[in-house]
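Read off the chains here:
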Amino acid sequence: MTDYSDQPELKGVGGWLLTFIIILSVISPIRILLETAKMLELDAQTEAQLGSSWQTYSLFSWVLASATIALAWFLAYRLARVHTRASVRLVVRGLWVLAFGPLILDLIVAWTLWPDLMAAGLDATYFVGIFQAAVFATIWSLYLTKSKRVENTFVEDETEARKIFG
């Protein structure tokens with residue numbers, strides 16, 4: 001097995017690790033905001049059909065979007081600034097929470113507000129979202145656990161991290 005720890009290009013926040021941090025901190029939040037706004041944009045007829053529960057659902061959706069963005073920013077911060085293995089473990093778990101947590105919470109709230117409509121079945125786009133979330137979390141989890149750059153950058157404890165990164 002080759003030791004890459006002395007190669008500076010495979011250490012630190014760069015390459016795919018930097019790309020992932022940008023995705024978490026910039027691209028994902030923009031996507032979340034745009035998708036939430038698009039989902040909540042209904043014509044007057046549909047909004048009237050959903051009734052007063054629509055305002056509750058709309059508020060919940062914005063709170064959920066805000067919480068999801070906050071978690072993504074926190075995970076990006078940990079990768080960018082706290083170079084310990086605990087950060088990597090936290091981010092891998094956080095990825096799966098980001099992937100499925102919002103989908104599950106949204107489904108529970110929608111089912112609670114409109115049980116009759118939900119009993120009719122889920123839209124196919126919901127299942128596409130589940131698949132996309134699973135693929136995203138799987139790819140980045142594998143990267144974080146297998147990458148030489150990640151292995152060389154994230155040390156076992158915080159004391160060692162301070163010695164290496166200042």
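Check the entry above for the structure.
Presented here is an overview of the structure given in this document. The residue numbering used here restarts from 1 in each chain and proceeds along that chain's sequence as written. In view of the model being predicted, local features appear only for residues whose pLDDT reaches at least 70, and side-chain atom pairs are presented and counted only at 80 or more, with totals across whole chains, interfaces and linings using the full set of residues. Each side-chain value is worked out from all heavy atoms of the structure, with water and hydrogens disregarded.

Take the overall build of the protein next. Comment: elements are numbered from the N terminus, with helices defined as DSSP H or I runs of at least four residues and strands as E runs of at least two. Helix and strand counts for the protein come out as eight helices and zero strands. Of all 166 residues assigned to the protein, the portion counted as buried reaches 35%. In what follows, residue pairs with any heavy atoms lying within 4.5 Å of each other are defined as contacts. Considering only intrachain contacts with a sequence separation of at least 6, the fraction spanning at least 24 residues in the protein is 75%. Here the open area of atoms and residues is found with the Shrake-Rupley method and a 1.4 Å probe, where only the protein chains shown may cover a residue. Entry remark: accessible area of the protein is about 10,300 Å², with carbon and sulfur atoms responsible for 64%. Each residue is assigned to one of three classes by its accessible area relative to the maximum for its type, calculated with a 1.4 Å probe on protein chains only: buried under 20%, partly exposed between the two thresholds, exposed over 50%.

Here the focus is the pattern of salt bridges. Whenever Lys or Arg places a side-chain nitrogen within 4 Å of a carboxyl oxygen from Asp or Glu, that contact is recorded as a salt bridge. In total, this model carries four salt bridges according to the counting rule given. Among the salt bridges present, the one from Arg-31 reaches Glu-35, with a minimum N-O distance of 2.9 Å. In this pair, Arg-31 and Glu-35 both sit in helix 1 (residues 15-40), four residues apart, roughly one turn of the helix. Between Arg-89 and Glu-156 there is a salt bridge, with the nearest N and O atoms lying 3.9 Å from each other. Of the two residues, Arg-89 sits in helix 4 (residues 85-113) while Glu-156 sits in the loop between helix 7 (148-153) and helix 8 (158-165), which places them 67 residues apart along the sequence. According to the relative accessible area criterion, Glu-156 is partly exposed, its value standing at 48%. Sharing partners across several salt bridges, the network here consists of Arg-85, Arg-89 and Glu-156.

Quick look at the environment of Ala-133 now. One can find Ala-133 in helix 6 (residues 124-146). Classification of Ala-133 by relative accessible area gives buried; the value is 13%. For the pair formed by Ala-133 and Leu-95, sequence separation is 38 residues and the distance between their alpha carbons is 9.1 Å. Setting aside its immediate chain neighbours within four residues, Ala-133 contacts Ala-99 and Leu-103.

Structurally, Ile-69 is set in helix 3 (residues 53-81). A relative accessible area of 7% places Ile-69 in the buried class. Sequence separation between Ile-69 and Arg-31 is 38 residues, and the spatial gap between their C-alpha atoms is 9.9 Å.

The pairing test for Phe, Tyr and Trp rings, Trp by its six-membered ring, is centres within 6.5 Å, and the orientation test on the planes gives stacked under 30 degrees, edge-to-face over 60, and tilted for anything in between. Throughout the structure, instances matching the rule amount to 10 aromatic pairs. Between Phe-20 and Trp-140, the aromatic rings sit 4.5 Å apart at their centres with planes inclined by 25°, giving stacked as the arrangement. Of the two residues, Phe-20 sits in helix 1 while Trp-140 sits in helix 6, which places them 120 residues apart along the sequence. By relative accessible area, which is 0% here, Phe-20 ends up buried.

Attention now moves to the packing of helix 3 against helix 4. Running from N to C, helix 3 and helix 4 cross one another at 175°; their axes reach a closest spacing of 10 Å. Here helix 3 lies roughly antiparallel to helix 4, going by the angle between them. Ten residue types, Ala, Val, Leu, Ile, Met, Phe, Trp, Tyr, Cys and Pro, are classed as nonpolar, four, Asp, Glu, Lys and Arg, as charged, and the remainder, Gly among them, as polar. Here the contact of helix 3 with helix 4 is composed, by residue class, of 19 nonpolar, six polar and two charged. With axes taken as lines fitted to C-alpha atoms, and helix axes fitted only over the stretch in contact, angles between N-to-C directions fall between 0 and 180 degrees. Any angle that is under 35 degrees is reported as roughly parallel, and any over 145 degrees as roughly antiparallel; angles of 65 to 115 degrees are reported as roughly perpendicular and all others as oblique.

Contact pair helix 1 / helix 3: the axes reach a minimum separation of 9 Å and the direction vectors enclose 175°. When the interaxial angle is binned, helix 1 and helix 3 end up roughly antiparallel. Considering only residue class, the contact of helix 1 with helix 3 consists of 21 nonpolar, five polar and no charged.

Spatial relationships are all this shows, so hold off on functional conclusions.
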